[in-house]
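A closer look at the structure
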Protein chains: 2
Amino acid sequence: MIEARHLRVLRAVHRTGSFSAAARELGCTQPAVSQQMKALEQSAGTPLLIRTGREMRLTQAGEALVRHATGILAGLTAAEEEVAAIAGLRAGRVRLVSFPSGSSTLVPAALAAMRADHPGTRVSLVEAEPPRSVEMLRNGDCEITLAFRYPEVRGADPAAEAEWDDLVVRPVLVDRLVGLVPETHRLAGAGTAGYADLAGEPWIAGCPRCRRHLVEVCEGAGFTPRIDFATDDYPAVIGLVGAGLGVAVLPELALESVRHKGVRTVAMEPCVQREVVALTLPDLAQVPAVEAMLGRLAGAVGD
Amino acid sequence: MIEARHLRVLRAVHRTGSFSAAARELGCTQPAVSQQMKALEQSAGTPLLIRTGREMRLTQAGEALVRHATGILAGLTAAEEEVAAIAGLRAGRVRLVSFPSGSSTLVPAALAAMRADHPGTRVSLVEAEPPRSVEMLRNGDCEITLAFRYPEVRGADPAAEAEWDDLVVRPVLVDRLVGLVPETHRLAGAGTAGYADLAGEPWIAGCPRCRRHLVEVCEGAGFTPRIDFATDDYPAVIGLVGAGLGVAVLPELALESVRHKGVRTVAMEPCVQREVVALTLPDLAQVPAVEAMLGRLAGAVGD
DNA sequence: GCTCGCCCCAAGGTCCGCTTATGCTCGAAG
DNA sequence: CTTCGAGCATAAGCGGACCTTGGGGCGAGC
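Residues numbered from 1 in each chain as written. Chains lettered and ligands numbered in written order. Predicted model: local features only at pLDDT ≥ 70, side-chain atom pairs only at ≥ 80, totals over all residues. Heavy atoms only, no water.

Observations concerning unusual backbone geometry
Each neighbour pair has its own omega, and for A:Glu269 with A:Pro270 the value is 5 degrees, a cis peptide bond. With respect to the helices and strands, the residue A:Pro270 is situated in the loop between strand E11 (263-269) and strand E12 (273-280). (Helix = DSSP H or I, 4+ residues; strand = E, 2+ residues; numbered from the N terminus.)

Describing the protein's contact with DNA strand C
Around DNA strand C, a shell composed of 19 residues is seen, among which A:Phe19, A:Ser20, A:Ser34, A:Arg51 and B:Gln36 lie nearest. When the atoms of DNA strand C within 4 Å of the protein are sorted by group, sugar and phosphate make up 65%. One of the side-chain N or O atoms of B:Arg5 is found 3.4 Å from a phosphate oxygen in DNA strand C. Looking at the surface near DNA strand C, the elements with two or more residues in it are helix H2 (19-26) and helix H3 (30-44) of chain A together with helix H3 (30-44) of chain B. Among the residues making up the surface near DNA strand C, the classes are represented as 6 nonpolar, 7 polar and 6 charged. (Near = heavy atom within 4 Å. Polar contact = N/O pair within 3.5 Å; in protein donor to acceptor, adjacent residues only side chain to side chain. Nonpolar A, V, L, I, M, F, W, Y, C, P; charged D, E, K, R; others polar.)

Concerning the interface of chain B and chain A
Facing 43 residues of chain B, the contacting portion of chain A comprises 44 residues. Of the roughly 3,500 Å² buried between chain B and chain A, counting both surfaces, carbon and sulfur atoms make up 66%. Remark: the boundary between chain B and chain A carries 2 salt bridges. Across the pair B:Arg67 and A:Glu82 runs a salt bridge whose closest N-O atoms are separated by 2.8 Å. Along the contact surface separating chain B from chain A lie 6 residue pairs in polar contact (both at pLDDT 80 or more). Listed by contribution, the elements that provide at least two residues to the side of chain B that touches chain A are helix H1 (4-16), strand E1 (49-52), helix H4 (60-87) and helix H7 (132-139) of chain B. Element by element, the count of residues in the side of chain B that touches chain A is highest for H4(B), at 16 residues. The residue makeup of the side of chain B that touches chain A, split by class, is 22 nonpolar, 11 polar and 10 charged. (Contact = heavy atoms within 4.5 Å. Buried area = accessible area lost by both parts, 1.4 Å probe. Salt bridge = Lys/Arg side-chain N within 4 Å of Asp/Glu carboxyl O.)

What to know about helix H4 (residues 60-87) of chain A
Residue and element names in this part refer to chain A. An ideal rise of 1.5 Å per residue puts 40 Å on 28 residues; H4 measures up with 40 Å between its terminal C-alpha atoms. Roughly 30 degrees is the biggest bend found in H4, and it falls at Ala69. Of the residues trailing H4, Leu89 is marked for its positive phi of about 65 degrees. (Expected span 1.5 Å × (residues − 1). Bend = angle between axes of the 7 residues up to and from the residue.)

Quick word on the protein's contact with DNA strand D
Contacts to DNA strand D come from 19 residues, most closely from A:Thr29, A:Gln36, B:Phe19, B:Ser20 and B:Ser34. Within 4 Å of the protein, the atoms of DNA strand D are drawn from sugar and phosphate moieties in a proportion of 68%. In the environment of DNA strand D, a phosphate oxygen lies 2.6 Å from a nitrogen or oxygen atom belonging to the side chain of B:Ser20. Contacts to DNA strand D include B:Gln30, whose side-chain N or O atom sits 3.3 Å from a base nitrogen. For the surface near DNA strand D, the elements supplying multiple residues, two or more each, are H3 of chain A together with helix H2 (19-26) and H3 of chain B. Of the residues belonging to the surface near DNA strand D, the class tally is 6 nonpolar, 7 polar and 6 charged.

A closer look at the environment of A:Arg259
Looking at the element boundaries, A:Arg259 is found in the loop between helix H11 (252-256) and E11. When the C-alpha atoms of A:Arg259 and A:Gln286 are compared, they prove to be 39 Å apart, with 27 residues separating the residues in sequence.

Describing the environment of B:Ser18
Residues and elements named next belong to chain B. Residue position: Ser18 is located in the loop between H1 and H2. The class of Ser18 is partly exposed, set by a relative accessible area of 25%. A C-alpha to C-alpha distance of 83 Å links Ser18 and Lys261, two positions 243 residues apart in sequence. Not counting the four nearest positions on each side in its chain, Ser18 is found in contact with Val13 and Met56. A distance of 3.0 Å separates a polar atom in the side chain of Ser18 from the backbone nitrogen of Ala21. (Buried < 20%, exposed > 50% of the residue type's maximum accessible area, 1.4 Å probe, protein only.)

Quick notes on the packing of helix H1 (residues 4-16) of chain A against H3(A)
Residue and element names in this part refer to chain A. At their nearest, the axes of H1 and H3 sit 10 Å apart, and the two run at 115 degrees to each other. Here H1 runs over H3; the crossing is left-handed. Listed contacts from H3 to Arg5, His6, Val9, Leu10 and Val13 of H1 are Val33, Gln36, Met37, Ala39 and Leu40. Looking at the contact of H1 with H3, its residues break down into 7 nonpolar, 2 polar and 1 charged. (Axes fitted to C-alpha atoms, helices over the stretch in contact; angles between N-to-C directions. Left-handed = near helix turned anticlockwise from the far one by under 90°.)

Overview of the pattern of salt bridges
Residue and element names in this part refer to chain A. Overall, the coordinates contain 22 salt bridges over all chains when judged by the stated rule. A salt bridge links Glu3 to Arg5, with the shortest nitrogen-to-oxygen separation between them at 2.5 Å. A relative accessible area of 30% means that Glu3 is categorised as partly exposed.

Details of the packing of aromatic side chains
Applying the stated criterion across every chain, the model contains 4 aromatic pairs over all chains. Taking the centre distance of 6.0 Å and the plane angle of 75 degrees together, the rings of A:Phe148 and A:Tyr150 count as edge-to-face. Note on B:Phe99 and B:Phe148: the rings are 4.9 Å apart at their centroids and 80 degrees apart in plane angle, and the pair reads as edge-to-face. Highlighted residues: B:Phe99 in the loop between strand E3 (93-98) and helix H5 (100-104) and B:Phe148 in strand E5 (residues 144-149), separated in sequence by 49 residues. Like B:Phe99, the residue B:Phe148 is buried in the burial classification. Three or more aromatic residues link up through ring pairs in this structure, and these residues are A:Phe99, A:Phe148 and A:Tyr150. Positioned over the ring face of A:Phe148 is A:Arg274, at 4.5 Å from the centre of the ring. (Phe/Tyr/Trp six-rings, centres within 6.5 Å; stacked < 30°, edge-to-face > 60°. Lys NZ or Arg CZ within 6 Å of the ring centre and 35° of its normal.)

Here it is in structure tokens:
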């Protein structure tokens, strides 16, 4: 087995013409070079250098090795270069999966920061809801998944939470759920409302998990909400509320990027917080580009 | 510094999909693979593999390394293959320099044997006299030099002999010097003649060294030969003797391949022997093709 | 003739890598 | 649900490889 290190030494010997000069160039002692050449000749099975008095000459086998060494070492340094580029964030690709309302505000800011800091990296974005997005993460279809959870759920669905215990969970931000009523509603001007205050209203729910959570909270308040519509499209929710078809609770984040015409927000009591987190696999968290992107997502809180 | 051995292991891991399978394929234990991959990841500075439950997947850096590994390992095996071909005598080139009379008989037999045994090798032949041929050997212009010496010279030219003491001297054959007289000469029928018997004759001498040797031998016999012609072309010597222009002594070997028309040979007393040797450099004697050719030259004695 | 540079050789110490042994996790089968 | 097997990680132990230091021989140049 010929080692690349030996080829490097052989080339240095060939270029400089002596073991001592090669040793100086390589930063080691002359016997080290001598021994390496002996080892290389042994693994080659034939002499490679002929020591004729003053100068070092190559045998035919030595010439063949030096000829190949150029390409081999070039390939090796190219590989090192590419890996170093990825490790040094001058290259690298991150595939990010986000739930829809995260894409609109948080993700663009993080993407912009990432591009500004590391222009060589590429971040792609796909939208998907958990648990589909978590499945994609496990399947290797993405490196980072944005998800959210309701920490205050009283052990309602431990299975869903347990799905993440082997993942790296990076908190990104916490946003409050606020109530949403038509501007003609009796509570439109109220600063705060309790869930029970909306017990008799028709409700517009969000995605399946948000819907489950809504039901739990309302039941905690003593009633079961009548849900007339359910959609994970937040502008649609706002539109439905604005049309007077019901009331809803939405994360503050989801309201930021949408004009909420014809609706009013009210703070809800009790205050429910939704935690948005970035998920990744433990090994992927060590990948520089992934790590950097996780940092940008967490840093985008300022917006 | 990425090592080729690590790339080999990485590729095996990628192909087989597990450390254990790669270890079996590589003929080592699983912890060895595990440690090598850890070392490779450390020298790469970034994770290369993600262990996601059952299967092993590559990170982007891992993909880059595997992609480069193909070319690097291919170049490495190509280099090993070429060196092995040279070492295994399936390839290789030997440049042989011979003195003129050696070329005619001994060299062709050795060349034929070499080609028969190792068809992949190539032997080139150039004619030159020593000391020019020895100089070529030292300059790297050839691998083997055929030369001859007169062992019985009584310390006449120790310098010339000393020239070889750092070389590998491989005896090839010993041939006798025989007298050559015109067929009309008074000694033409004699079985044996002494040098003194030819004291008054005009002499035809050979190459400079042969000429010097002739003078020494004759002076040992009590006279100084009158040399009318000197040429290193043996057929020319024979022609001159045949034309009655003088007498000569020639190696038996030189007579074998020439029709000696009009001349007669006589054994000379004292019997002088010329030793034909193959010379090479100590390092070159280890080169398989050179070694093989040296053997064929020594084995060509049978002819 | 002397000195300097270069190479080889031998000995010592250090470090690396492999192996054995063990524990842990996960997935599949009963 | 439990058990079993496969696979990976880790620790200890050991053998070997590598490099360094020190000494010697040899050829070249002043």
